[in-house]
Amino acid sequence: MAAAVIIIPILVVTIIALSSYLVYKLLLQNMLSKRSITQTLEKYNIDKTPSQIIKEYYENKGEPLSPQEIQKLEKNYTKNEPEQFLAMYDAIRDNDKNKEK
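Residues numbered from 1 in each chain as written. Predicted model: local features only at pLDDT ≥ 70, side-chain atom pairs only at ≥ 80, totals over all residues. Heavy atoms only, no water.

Enquirer: Could you give an account of the overall build of the protein chain, naming the residues involved and the relevant values?
Expert: Across its full length, the protein chain carries four helices and zero strands. Along the protein chain, from the amino end to the carboxyl end, the secondary structure elements read α-α-α-α. Relative to the 2.2 N^0.38 estimate, which gives 13 Å for 101 residues, the radius of gyration of the protein chain is 21 Å and therefore markedly larger than a compact globule would have. Its C-alpha atoms put the protein chain at 85 × 30 × 15 Å along the principal axes. Of the contacts made within the protein chain by residues no fewer than 6 positions apart, 54% connect residues no fewer than 24 positions apart. Per element, the accessible surface of the protein chain, about 7,800 Å² overall, is 59% carbon and sulfur. If you average the places of the 14 positive and of the 13 negative side-chain charges in the protein chain, the two averages end up 5 Å apart. (Helix = DSSP H or I, 4+ residues; strand = E, 2+ residues; numbered from the N terminus. Rg over C-alpha atoms; globule rule 2.2 N^0.38 Å. Contact = heavy atoms within 4.5 Å. Areas by Shrake-Rupley, 256 points an atom, 1.4 Å probe, with all protein chains shown as cover. Lys, Arg positive; Asp, Glu negative; His and termini not counted. Charge placed at Lys NZ, Arg CZ, Asp CG, Glu CD.)

Enquirer: Could you give an account of the nonpolar core, with specific residues and numbers?
Expert: Counting residues in hydrophobic clusters, the biggest one holds 12 residues: Ile37, Leu41, Ile46, Ile53, Ile54, Tyr58, Ile70, Tyr77, Phe85, Met88, Tyr89 and Ile92. Broken down by element, this core gets its largest block of residues, four residues, from helix H4 (residues 84-100). With residues near it in sequence (within four places) discarded, tyrosine 58 still touches Glu63, Pro64, Leu65, Leu73 and Tyr77. (Core = buried A, V, L, I, M, F, W, Y, C linked by side-chain atoms within 4.5 Å. Buried < 20%, exposed > 50% of the residue type's maximum accessible area, 1.4 Å probe, protein only.)

Enquirer: Kindly report on a nonpolar patch on the surface, identifying the contributing residues and their values.
Expert: Together, Leu18, Tyr21, Leu22, Val23, Tyr24, Leu26, Leu27, Leu28, Met31 and Leu32 make up a nonpolar patch on the protein surface, roughly 990 Å² of accessible area in all. As for its placement among the helices and strands, tyrosine 21 is situated in helix H1 (residues 2-43). Take tyrosine 21: its relative accessible area is 46%, and that puts it in the partly exposed class. (Patch = residues over 30% accessible without salt bridge, like charges linked within 9 Å, V, L, I, M, F, W, Y side chains within 5 Å. Salt bridge = Lys/Arg side-chain N within 4 Å of Asp/Glu carboxyl O.)

Enquirer: Give me the lowdown on unusual backbone geometry, citing residues and values where you can.
Expert: In this structure, asparagine 45 is a non-glycine residue whose phi angle is positive, near 55°. Inspection of the secondary structure assignment puts asparagine 45 in the loop between H1 and helix H2 (50-60).

Enquirer: Give a description of H2 that names residues and reports values.
Expert: When we look at burial in H2, the residues that qualify are Pro50, Ile53, Ile54 and Tyr58. Viewed along the axis of H2, the buried residues span an arc of 120°, placing them on a single side of the element. Next to the buried residues of H2 lie H1, helix H3 (67-80) and H4. Count one or two residues on from H2 and you reach glycine 62, which has phi positive near 85°. (Arc of directions from axis to C-beta.)

Pasting the structure below:
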């Protein structure tokens, strides 16, 4: 009986902690990363979405991507390398300037 009094609260706390971590890891972290990237793009007056930037960047490189590949790359860049969106946008802008000349 005494063991149940100790084990049940520990199990409840463990389940709550684990579920909270999973919600954060799977939902909130991705949402916060996307929000941060969107705010950064707005800060620099870039009216393109991250997926548009990826699509144009790879088209300029001569590597057209399928929508699934673009979505996969967007998730990867959002989680691991958010600064790449600005670098890709700069490359797109430089390519457009070179085409004009």
